[in-house]
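Spelled out, the chains give:
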Amino acid sequence: MKTFKDKVAVVTGGNSGIGYATAKLLTAEGAKVIITGRRKEALEEAAKEIGAFPYLADQSKVQDIENLTNEVQSHFGQVDILFINAGITGDNTLIEEATEQNFDDVMNINLKGTYFTLSRFIPLLKEGASVILLSSNVASTNHPKSSVYQASKAAVNSIAKTAAAELAPRRIRVNSVSPGPTRTNVLDKSYDTITAQGIWNSLADRIPLKKIGTPEDVAQMVLYLSGETASFITGSDFVIDGGILL
Ligand SMILES: NC(=O)c1ccc[n+]([C@@H]2O[C@H](COP(=O)([O-])OP(=O)(O)OC[C@H]3O[C@@H](n4cnc5c(N)ncnc54)[C@H](OP(=O)(O)O)[C@@H]3O)[C@@H](O)[C@H]2O)c1
């Protein structure tokens, strides 16, 4: 018996990395999964590979989010699992070198996008639904040259807690998952291949378990939080980082 048979799940940013791995697991467990992303070709290819439903949407735009919710409502009705995962890291700069463009890009996707995706999906959530926000372990640490990204994820953790309190009367659980370094394409979007590889190597060195996480490591946690076995868990943050925060 598949655990998520006939459950409806929405995964934002489902065409690569953590979102893709999670959508794949949920689909394998019987869920009907809608994945979003901005790159049409990547989105359609990913949906075909895992048997999900693609929806082209820029999560930083409220109009796109509202179009998405309308589409999901008319085709699937209510939603059991909402995984708000779409995000970017942005530029690697000191605070004194900050640009308005990078601030807006990162905040518009990671903070505004997360907030309004949650906001507009709330009416569609089934009683007892599970919402998972993808944060980062850097939300509770401090590293130079990542101030905007870190602030955006700290805000995500705050939103998760408020939402958990607001939605508890409908038995809707809201949790955040905070990965440490996880091998995806995320760095390739901001750095050239050699720089990205250098960052992965130096990160692996600093991790007590001496490995970089995989998208599947994170997907398994999201799967757990999505299901009935996690029915007493809300307002919590789950760090998956090989012990970096020790
Ligand atoms: N990898 C790590 O080490 C790590 C660690 C901690 C947290 N995270 C977080 O994990 C999440 C997923 O990242 P990832 O590592 O899996 O990277 P990834 O492979 O680059 O995936 C990011 C996903 O988000 C989508 N996306 C980005 N901006 C979007 C937008 N405006 N609208 C819709 N979709 C958008 C991308 O699709 P399109 O490009 O097609 O839009 C893609 O599917 C992010 O929130 C990231 O901050 C990652």
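Further up the page is the structure itself.
Everything numeric here is computed off the predicted structure, so don't read it as measured data. (Residues numbered from 1 in each chain as written. Predicted model: local features only at pLDDT ≥ 70, side-chain atom pairs only at ≥ 80, totals over all residues. Heavy atoms only, no water.)

A.B. asks: So what exactly am I meant to see when it comes to helix H1 (residues 17-28) here?
C.D. replies: Spacing of three or four residues puts side chains on the same side of an α-helix, whose turn is 3.6 residues. Here H1 spans 17 Å end to end across 12 residues, near enough to the 16 Å set by a 1.5 Å rise per residue. Within H1, 9 of the 12 residues are buried, leaving the element largely enclosed by the surrounding structure. Along H1, the residues classified as buried are Gly17, Ile18, Gly19, Tyr20, Ala21, Thr22, Ala23, Leu26 and Thr27. In the segment just after H1, Gly30 is the residue with positive phi, at about 100°. (Helix = DSSP H or I, 4+ residues; strand = E, 2+ residues; numbered from the N terminus. Expected span 1.5 Å × (residues − 1). Buried < 20%, exposed > 50% of the residue type's maximum accessible area, 1.4 Å probe, protein only.)

A.B. asks: What am I meant to see in the site of the ligand here?
C.D. replies: Around the ligand sit 29 residues in total, of which Asn15, Ser16, Arg38, Tyr149 and Thr184 are the nearest. Here an oxygen atom of the ligand sits 3.2 Å away from a polar atom, N or O, in the main chain of Gly13. Tyr149 is positioned with one of its side-chain polar atoms (N or O) 2.8 Å from an oxygen atom of the ligand. Computed on the free molecule, the ligand has an accessible area of 870 Å², of which 97% lies beneath the protein chains in the complex. Going through the elements one at a time, H1 and helix H5 (147-167) are the ones with two or more residues in the shell around the ligand. Its residues assigned to classes, the shell around the ligand shows 9 nonpolar, 15 polar and 5 charged. (Near = heavy atom within 4 Å. Polar contact = N/O pair within 3.5 Å; in protein donor to acceptor, adjacent residues only side chain to side chain. Areas by Shrake-Rupley, 256 points an atom, 1.4 Å probe, with all protein chains shown as cover. Nonpolar A, V, L, I, M, F, W, Y, C, P; charged D, E, K, R; others polar.)

A.B. asks: Honestly, unusual backbone geometry in this entry has me stumped. Any pointers?
C.D. replies: Comment: phi is negative for the bulk of residues other than glycine, and the bulk of peptide bonds are trans. Within the chain, Asp6 stands out as a residue other than glycine whose phi angle is a positive 65°. Following the sequence through the fold, Asp6 ends up in the segment before strand E1 (8-11). Even without being glycine, Arg171 reaches a positive phi, approximately 60°. Secondary-structure assignment places Arg171 in the loop between H5 and strand E6 (173-179).

A.B. asks: Before we go on, may I ask you to explain the packing of H1 against helix H2 (residues 40-50) in this structure?
C.D. replies: Pairs of packed helices are described in terms of their axes, by the angle between the two and the distance that separates them. The contact between H1 and H2 brings their axes to 10 Å, and the two run at 30°. Overall, the two elements H1 and H2 adopt an arrangement that is roughly parallel. You can see that H1 and H2 cross each other, and the crossing is right-handed. Of H2, the residues touching H1 (which contributes Tyr20, Ala23, Lys24 and Thr27) are Ala46, Glu49 and Ile50. When grouped by side-chain class, the residues that make up the contact of H1 with H2 number 4 nonpolar, 1 polar and 2 charged. (Axes fitted to C-alpha atoms, helices over the stretch in contact; angles between N-to-C directions. Parallel < 35°, antiparallel > 145°, perpendicular 65-115°, else oblique. Left-handed = near helix turned anticlockwise from the far one by under 90°. Contact = heavy atoms within 4.5 Å.)

A.B. asks: Explain the layout of surface pockets here, please?
C.D. replies: Gaps left between atoms are located by rolling a probe of water-molecule size over the structure's atoms. The volume enclosed by the second largest pocket comes to roughly 190 Å³. Contributing to the lining of the second largest pocket are 14 residues, with Phe4, Lys7, Ser226, Gly227 and Glu228 lying nearest its centre. Elements represented by at least two residues in the lining of the second largest pocket include exactly strand E4 (79-84) and strand E5 (125-134). Examining the composition of the lining of the second largest pocket, we find that 4 residues originate from one element, E5, more than from any other. Looking at side-chain class alone, the lining of the second largest pocket contains 3 nonpolar, 6 polar and 5 charged residues. (1 Å grid on protein atoms, 1.4 Å probe; cavity = no way out; pocket = protein on both sides within 12 Å on 5 of 7 lines; lining within 4 Å. Points joined across faces, edges and corners; volume = space filled by probe spheres on them.)

A.B. asks: Could you clarify how one ought to interpret the packing of aromatic side chains in this entry?
C.D. replies: Where two aromatic rings form a pair, the distance of their centres and the angle of their planes describe that pair. Across all of its chains, the model carries 2 aromatic pairs by this definition. When the centroid spacing of 5.1 Å and the interplanar angle of 70° are considered together, the rings of Phe53 and Phe76 count as edge-to-face. Of the two residues, Phe53 sits in strand E3 (residues 53-56) while Phe76 sits in helix H3 (residues 62-76), which places them 23 residues apart along the sequence. Their ring planes at 80° and their centres at 5.3 Å tell us that Tyr115 and Phe116 sit as a pair that is edge-to-face. (Phe/Tyr/Trp six-rings, centres within 6.5 Å; stacked < 30°, edge-to-face > 60°.)

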